[in-house]
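Results of the structural survey
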Amino acid sequence: MTEPSGETAPEAVAPAEDLGEAPGAPASDDRPGEAEEPDTGGDPDALEQSGAAEGAGAGDEAGAGDEAGAAEEARSTEEARAVDEPGSGDESGSSDEPGSGEESGSAEQTATGGEAGSADEAGTEAGGVEGDAAELSDAQAELAAQRELRARIEARKAEKSGPVAGGTKLSGTAADLLAAVRAVEGGTASGSTFYEAPEPAPRRPAAETAPPMTVRPPAPERPAAPAPGATAAVREVLAQGGAPEALAGQVAAALGEGAAAALREDPWQLLAVSGVRPEQADGFARALLGPACGPGDPRRAVALTVWLLERAALQGHTALEIQAVRAGLAGHAVPDPEQAVETAVSEGAVLVFQEEETAEESEEESSEEQEQEQEPAAPVLIGLDRYALAEESLADGLARLVRTAKADAWEGSELERAAGAHGLVLHTGGEASRTEPVALAAAARERGLRTLVAVHADGGRRAAGAEAVTVAALLSGAAGPGRDEDGAFALDLLVVLDAPQLDVETGAMLVESLPDGCRLVLSGDPEVLGAPGAGRVFADVLAARVCPRVASRVPDPGPLGELVSGIGVGELNQVEAPGKEIVIVPVRDAGEAVHRTVQLVADSVPRAIGVPSEQTQVVTVGHGGSAGTRALNAALKQRLNPGPGRFGGYDPGDRVAYAPAPGRTVTGTVLGADAEGLRLRCGDEEVLVPKERVESVLRHGWALTAHQAAGTRWPAVVVVLPGDAAGGLSRPWVYTAFGRAERHLSVVHGVDQALARAVAEGVVPERTTRLRPLLEGLLAADEE
């Protein structure tokens, strides 16, 4: 669904009080008899007086759903078409992530026998799949190519670890040596021949060596679309079960060529399609199976268990405790949740994990006194093999880097010395501290090392230097040194900024691609919102304490740095802002919040601060609601770039948020359109969005969510906090949103005292992951 282009923001009256009278004060209701002034369309005094930042922040969706921008498994052909947000997966428009649909799309029919309903979560909009041969998205093609690369790497690893048949795999010097040995054994040559050979020439220093020949992977081929016959057969089954026939393409892509037969045998396989709810799958099953099906059907139990784990992945979890899975199944009327989990495990649909105790812990259990003081046993976890493989591969890869790096004594800063002596180093700090890992990379290049800096978003490349690349471009082969024949990067040192934005699958692919002996430095701010995908790589490695950790002492400068640093430790301080670096704009309702936001972006900030509208970014709670990204973008478009939206809802000059892959958001400007699609300017590059993907991966971008904005900064930022956001506020959200501003921060404040409580107490629940114990187990075994 495209962004509405003609919707206007609710009219709101500008508050009569002068902002300088109560800087930083929340909106209040102490003006019941105050006459409202007519709306003049301008705000002559909004920024003439600076406010001391009491701060303001808005929450993403409360609890685990806030970080749900997870990359959903690419298993459907056009599932993103049914999603309001390009690639977002949270509910009710509150997701901060473009990687999966945040608000339910509307289905033409429910899967419960033809009744009208809406497909929650990711949407199952009827228009999602029209043709019989819908093409898969670029993101899915990229994921498929990465899986092939991973399989090739694993095959080569297995090949190297296996026995080598005598002489069959030797060449060059090794083959000559083997031939010489056999000649001596056969009496045709003297053993002194070995000592008469000239000594090999010494190796030249690394600085003088020519860069190795690298092989870039070919552009990933699009996987074949489902065959028309398979799609037609699925459409027939869907019609018999009362499900929308428009889902046929997605079902065929998710279940393969035998999708129709699979659906007839197990109708709950319909849950494999994004956006289908359990009650819809139940109705579909009743229509096909009649009285033969019930809530305790083993097929239903297995499908629901997988569905619960996939939803948990959207919230950042790579696994769930077994009690949580049983509770979720009970909530969907499964009569015996314990047996249902056992069935899912026995059929291989899910995996069960439990951290093993060490020998020392087992010996300690012999003492009753110690046994009483001992911590509870590790919980039993249930997870999908997709994330289990990624976490185990990532742990193996990090342990490999720790083991194979050759310690060297580097002179310089604390970070340089740590990087020289270890294969894995963690660096923590705020925005100003990014200069330290960038300086490390420059020093490593002077030492002759092949070095690269990678960032999360294109906007982060500005502070990291012209040679920096995004992690996505590095993995896809679009940028960076390319890969050798073993699939490894030609690198001696990789510095990753914005490391908290690494999800477990991306982290695994990155580490698997590093050669033995390569050094890896992960740098980032641990206080910001976590990765949009499943896992928390940076936090888990920090907690594991398996490598050096260097904490930066470089403070963020100015009033903005002082405000954000205080939020990081749970304090919402009043900050002097003589240069109008921070301004608080109290509002009474969401309509007024939208109105004041438009005034700030279009008039007040450019006039009083000198930052043009195109360099001012709005950050708000989520996508839905009366002051979410959709409402704000509609109002901002009407003011800043009005037009009919003749190119799929967009006009030249529109600011857009483009989601080329789940978990990534790139901001840009519409240049125009032609027969191939919509053309954008994203940074220094021109991007073509195919017309069939515009609806699913693009939305207007004057207003973003905090997850979308993570990894990028703008000269001026307007943070919008409507009153209905109070329940979802958290310290990481406020820290991230406020930290996007470089020169000026305006806070449209409507949450009263909820902001201070969120900063002091609003901690986001931890994600359930397995990386930390895996790392501890691997490196503890090395020490023994």
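Residues numbered from 1 in each chain as written. Predicted model: local features only at pLDDT ≥ 70, side-chain atom pairs only at ≥ 80, totals over all residues. Heavy atoms only, no water.

1. Side note on the overall build of the chain
- Scanning the chain for helices and strands turns up 27 helices and 21 strands.
- When burial is assessed residue by residue, the chain has 52% of its 784 residues classed as buried.
- The long-range fraction of contacts in the chain, counting pairs at least 24 apart against all pairs at least 6 apart in sequence, stands at 74%.
- Surface summary for the chain: the accessible area is close to 33,100 Å², and the carbon and sulfur share equals 50%. (Helix = DSSP H or I, 4+ residues; strand = E, 2+ residues; numbered from the N terminus. Buried < 20%, exposed > 50% of the residue type's maximum accessible area, 1.4 Å probe, protein only. Contact = heavy atoms within 4.5 Å. Areas by Shrake-Rupley, 256 points an atom, 1.4 Å probe, with all protein chains shown as cover.)

2. Some remarks on the pattern of salt bridges
- Applying the stated rule across the entire model yields 23 salt bridges.
- Residues Asp-674 and Arg-679 are paired through a salt bridge, measuring 2.7 Å at the closest nitrogen-oxygen approach.
- Two residues, Arg-679 and Glu-676, come together in a salt bridge whose shortest N-O distance is 3.0 Å.
- The network of salt bridges with common partners includes Lys-637, Arg-646, Asp-651 and Asp-654. (Salt bridge = Lys/Arg side-chain N within 4 Å of Asp/Glu carboxyl O.)

3. Quick notes on the packing of helix H8 (residues 298-314) against helix H10 (residues 337-346)
- Packing of H8 against H10 brings their axes to within 9 Å, and their N-to-C directions diverge by 80°. Taken together, the axis directions place H8 and H10 in an arrangement best described as roughly perpendicular. Every residue of H10 that contacts H8 at Pro-298, Ala-301, Val-302 and Thr-305 is listed here: Ala-340, Thr-343 and Ala-344. (Axes fitted to C-alpha atoms, helices over the stretch in contact; angles between N-to-C directions. Parallel < 35°, antiparallel > 145°, perpendicular 65-115°, else oblique.)

4. Overview of the sheet that holds strand E7 (residues 451-455)
- An order of E8-E7-E9-E10-E6-E11 is seen for the six strands of this open sheet, with the pairing classed as parallel. Each edge of the open sheet is held by one strand with a lone partner, namely strand E8 (469-470) and strand E11 (549-551).
- Bridge analysis of E7 against E8 gives two bridges, and the strand direction is parallel. Along E8, the bridge assignment pairs Ala-454 with Val-469. (Pairing = 2+ DSSP bridges.)

5. With respect to the packing of H8 against helix H9 (residues 322-331)
- One can describe the packing of H8 onto H9 by two numbers: an axis separation of 10 Å at closest approach and a directional angle of 120°. By the angle between their directions, the pair H8 and H9 is classed as oblique. Here H8 runs over H9; the crossing is right-handed. Packed against H8, whose contacting residues are Ala-301, Leu-304, Thr-305, Leu-308 and Leu-309, the element H9 presents Val-325, Gly-328 and Leu-329 at the interface.
- Looking at side-chain class alone, the contact of H8 with H9 contains six nonpolar, two polar and no charged residues. (Left-handed = near helix turned anticlockwise from the far one by under 90°. Nonpolar A, V, L, I, M, F, W, Y, C, P; charged D, E, K, R; others polar.)

6. Points about helix H14 (residues 414-421)
- Regarding H14, the residues found buried are Leu-415, Glu-416, Ala-418, Ala-419 and Gly-420.
- In the core, the buried residues of H14 are packed alongside strand E6 (424-428), helix H15 (435-446), strand E10 (519-524) and E11.

7. Points about the pairing of strand E9 (residues 493-496)
- Across the two faces of E9 the burial is the same, with Leu-493 and Val-495 and Leu-494 and Val-496 all buried.
- Strand direction decides the pairing type here: E7 and E9, joined by four bridges, are parallel. Note on E9: the bridge partner recorded for Val-453 is Val-495.
- Relative to E10, E9 runs parallel, the two sharing four bridges. Counted as the bridge partner of Leu-493 is Arg-519 from E10.
- Crossover E9 to E10 through helix H18 (residues 504-512) is right-handed. (Right-handed = clockwise from strand over helix to strand, strands pointing away.)

8. Focus on the pairing of strand E14 (residues 655-658)
- What you see with E14 is no split at all: Arg-655 and Ala-657 on one side and Val-656 and Tyr-658 on the other are buried throughout.
- Bridge count for E14 against strand E15 (residues 666-673) is four bridges, and the pairing is antiparallel. Pairing of Arg-655 across the sheet is with Thr-669, part of E15.
- As paired strands, E14 and strand E18 (residues 698-700) are joined by three bridges and run antiparallel to one another. Bridge pairing in E18 places Ala-657 opposite Arg-699.

9. Side note on the sheet that holds E14
- Reading across the sheet, the five strands line up as E17-E16-E15-E14-E18 and stay open at both edges, with antiparallel pairing between neighbours. Unpaired on one side and paired on the other, strand E17 (685-690) and E18 mark the two borders of the sheet. The average undirected angle you get between the axes of adjacent strands in this sheet is 45°.
- Here six bridges tie strand E16 (residues 677-682) to E17, and the two strands are oriented antiparallel to one another. Within E17, the position partnered with Arg-681 by the bridge is Glu-686.

10. Quick word on the confidence of the model for the chain
- Per-residue pLDDT for the chain has a mean of 76; in total, 68% of the residues score no lower than 70.
- Note that pLDDT drops below 50 for residues 163-171; the model gives that stretch six contacts with residues more than four away or on any other chain.
- Considering only residues more than four positions removed or in separate chains, one finds that residues 190-224, a stretch of pLDDT under 50, has 37 contacts. (pLDDT = per-residue confidence, 0-100.)

11. Examining the nonpolar core
- By size, the foremost hydrophobic cluster in this structure holds 81 residues, and its most contacted members are Val-234, Leu-238, Leu-494, Leu-520, Leu-522 and Val-541.
- If one sorts the elements of this core by residue count, H8 sits on top with nine residues.
- With near-sequence residues (within four places) excluded, Val-234 lies in contact with Ala-248, Val-251, Ala-252, Ala-259, Ala-260 and Leu-263.
- Formed by 34 residues, the second largest nonpolar core is a distinct cluster that contains Val-619, Ala-709, Trp-733 and Leu-755. (Core = buried A, V, L, I, M, F, W, Y, C linked by side-chain atoms within 4.5 Å.)

12. Some points on the environment of Gly-561
- Assignment of secondary structure puts Gly-561 in helix H20 (residues 558-568).
- Along the backbone, Gly-561 and Val-575 are 14 residues apart, and their C-alpha atoms lie at a distance of 10.0 Å.

13. Description of the packing of aromatic side chains
- Inspection of every chain in the model, using the stated rule, returns zero aromatic pairs.
- The aromatic ring of Phe-353 is capped on one face by Arg-770, whose charged end is 3.7 Å from the ring centroid. (Phe/Tyr/Trp six-rings, centres within 6.5 Å; stacked < 30°, edge-to-face > 60°. Lys NZ or Arg CZ within 6 Å of the ring centre and 35° of its normal.)

14. Here's the deal with the side chain of Asp-654
- Of note, Asp-654 is situated in the loop between helix H22 (629-640) and E14.
- Residue classification places Asp-654 among the buried residues on the basis of a relative accessible area of 0%.
- Within the local environment of Asp-654, its side chain forms a polar contact with the backbone nitrogen of Asp-651, the two atoms lying 3.0 Å apart.
- Ignoring any residue separated from it by four or fewer positions in sequence, one finds Asp-654 in contact with Lys-637, Asn-641, Gly-649, Gly-668, Thr-669, Val-670, His-700 and Trp-702. (Polar contact = N/O pair within 3.5 Å; in protein donor to acceptor, adjacent residues only side chain to side chain.)

15. Points about the environment of Ala-254
- If you trace the backbone, Ala-254 turns up in helix H5 (residues 248-255).
- Each C-alpha atom, one on Ala-254 and one on Leu-271, is 10.0 Å from the other, the two residues being 17 residues apart in sequence.

16. What to know about unusual backbone geometry
- With a phi angle near 55°, Arg-545 is a residue other than glycine that sits in the positive phi range.
- Positive phi is not limited to glycine here, since Lys-580 has a value of about 60°.
- Structurally, the position occupied by Lys-580 is in the loop between H20 and strand E12 (582-586).

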